[in-house]
Amino acid sequence: MRNRISRTKVCLGLLGFVLIGGCSSAPKRPAAVFTVKNKVSTQLELAHKEADRGNYEQALDLLEEARRLSISTDDPELLIREGLSRGNILYALGRTAEADAVWDRALAEAELAGDAELAGIVRIYKARSRLLADGAAADTVKTEVHSALAAIGSDKLSLALGWTVIGLVEKEQGRWSEAEEALRKALVIHEQDNYLEQAAYDWFLIASVRSIAGQYAGALDALGKAIGFDRRAENTYGLGMDWRAQGDVYKKMGKSDEAGQAYRRSAAIFRSIFLEQEALRVESRLTP
């Protein structure tokens, strides 16, 4: 009888644990584990930092580990985001066919997973690639990006990229105020969340729009803001590009002394990170 009573008490205790959590002091087990996902996120962030600094080969090395870990968890989101980053870097290296193949694979993964948001993000990347390869496709690209933006929810960086692409389309079509308006929408997102390097690039693009429109003072002002953000981010490559662009604007204005100072500063910055070829390309602009 004692054994039967004891077993009854144990069974009732187990039932109570299932229904109300019981009185056990054992910690509740997590519904999902994110250890590897967090590692992939870290790898992607490091790769992005290196890419923003022009260290594309190092960024690709970092992505190798991100891809291995993504495959190990069979996580569609991780596979897609790694593909987005890899395609972006390959494109920056001029390996456009490889980039398109990587993005196509990421898009197929997103569609298979039924993830409309990630599919929309991939389409923005592909649309940007098409725009830069064929300016004649600008209207089609703008339509595609607006459609993709409608599918994107909380992914702020992708929303910002979409507005950047639209800004580039408007620039391609000579619609200067519309271009800056779109680029500023990306800028707001980056500034709010302290994406310093991305905010610097937004100002760099705004400066480009203003310069082409003949608004040289405004372009110099925008480049000053880009320099400020790149200094805060310690983005040496970005600073070299900012000063080079400043030299270009001064050159358009016929201010050769100021242009020379900006070019020499840009070259010195590139040499500080051992980018001799970039420095030489800047110095070649010193000649009339």
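Every value quoted in this text rests on a predicted model; they were computed, and no experiment measured them.

S.K.: Explanation requested: the nonpolar core in the structure shown.
M.R.: What tends to happen in soluble globular proteins is that the nonpolar side chains get buried as a cluster. Ranked by size, the top nonpolar core spans 77 residues in total, and within it Ile124, Val141 and Val145 carry the most contacts. When residues of this core are assigned to their parent elements, the largest contribution, nine residues, is made by helix H10 (residues 196-212). Excluding residues within four positions of it along the chain, Ile124 makes contact with Val145, Ala148, Leu149, Ile152, Ser158, Leu161, Gly162 and Val165.

S.K.: Looking at this model, I keep getting lost on the packing of aromatic side chains. Mind explaining?
M.R.: When we look at a pair of aromatic rings, we describe it by the centre distance and by the angle of the planes. Counting across every chain of the model gives four aromatic pairs. Grouping aromatic residues by their ring pairs yields a cluster made of Tyr91, Trp103 and Tyr125. In this arrangement the basic side chain of Lys225 is found over the ring face of Trp203, its NZ or CZ atom lying 5.3 Å from the centre.

S.K.: Mind showing me how you'd approach the pattern of salt bridges here?
M.R.: Where side chains of opposite charge bring their charged atoms close, a pairing between them can arise. Tallied over the full model, the rule gives 22 salt bridges. Residue Arg86 pairs with Glu64 through a salt bridge whose shortest N-O separation is 3.1 Å. Placement of the pair is Arg86 in helix H4 (residues 76-92) and Glu64 in helix H3 (residues 56-73), with a sequence separation of 22 residues. The buried category is assigned to Arg86, whose relative accessible area is 10%. Among the residues examined, Glu64 registers a relative accessible area of 45% and is labelled partly exposed. Notably, a salt bridge pairs Asp221 with Lys225, separated by 2.9 Å at the nearest N-O pair. With Asp221 and Lys225 both in helix H11 (residues 216-233), this residue pair falls four residues apart, about one helical turn. Lys225 sits in the partly exposed class, given a relative accessible area of 34%. Residues participating in the shared-partner salt-bridge network are Lys37, Glu77, Arg81 and Asp155.

S.K.: Sorry, what's going on with the environment of Leu93 here?
M.R.: By secondary structure assignment, the location of Leu93 is in the loop between H4 and helix H5 (96-113). Not counting chain neighbours up to four residues away, the residues in contact with Leu93 comprise Tyr56, Glu57 and Leu60.

S.K.: How should I be thinking about the packing of H4 against H5 in this particular structure?
M.R.: When two helices pack together, their arrangement is given by the angle between the helix axes and the distance between those axes. Relative orientation of the contacting elements H4 and H5 amounts to 160 degrees, with a least axis distance of 8 Å. Taken together, the axis directions place H4 and H5 in an arrangement best described as roughly antiparallel. Here H4 and H5 pass one another in a crossing that is left-handed. Across from Pro76, Leu79, Ile80, Gly83, Leu84, Arg86, Gly87, Asn88, Leu90 and Tyr91 in H4, the residues of H5 making contact are Thr96, Glu98, Ala99, Val102, Trp103, Ala106, Glu109, Ala110 and Ala113.

S.K.: I'm lost on the packing of H10 against helix H12 (residues 236-252) in this one. Help?
M.R.: Between H10 and H12, the least distance of the axes is 11 Å, while the angle of their chain directions is 10 degrees. Considered as vectors, H10 and H12 are oriented roughly parallel to each other. Contacts between H10 and H12 involve Phe204, Ser211 and Ile212 from the first element and Met241, Asp242, Ala245, Val249 and Lys252 from the second. Classifying every residue of the contact of H10 with H12 by side-chain character gives five nonpolar, one polar and two charged.

S.K.: Looking at this structure, how should I read helix H14 (residues 276-283)?
M.R.: Three or four residues apart is the spacing at which side chains of an α-helix point the same way, because the helix has 3.6 residues per turn. Every buried residue of H14 is listed here: Glu278, Ala279 and Val282. Take H14 and look down its axis: the buried residues cluster within an arc of 100 degrees, on one side only. Residues of H14 that are buried sit in contact with H12 and helix H13 (256-272).

Calculation rules
Residues numbered from 1 in each chain as written. Predicted model: local features only at pLDDT ≥ 70, side-chain atom pairs only at ≥ 80, totals over all residues. Heavy atoms only, no water. Core = buried A, V, L, I, M, F, W, Y, C linked by side-chain atoms within 4.5 Å. Buried < 20%, exposed > 50% of the residue type's maximum accessible area, 1.4 Å probe, protein only. Helix = DSSP H or I, 4+ residues; strand = E, 2+ residues; numbered from the N terminus. Contact = heavy atoms within 4.5 Å. Phe/Tyr/Trp six-rings, centres within 6.5 Å; stacked < 30°, edge-to-face > 60°. Lys NZ or Arg CZ within 6 Å of the ring centre and 35° of its normal. Salt bridge = Lys/Arg side-chain N within 4 Å of Asp/Glu carboxyl O. Axes fitted to C-alpha atoms, helices over the stretch in contact; angles between N-to-C directions. Parallel < 35°, antiparallel > 145°, perpendicular 65-115°, else oblique. Left-handed = near helix turned anticlockwise from the far one by under 90°. Nonpolar A, V, L, I, M, F, W, Y, C, P; charged D, E, K, R; others polar. Arc of directions from axis to C-beta.

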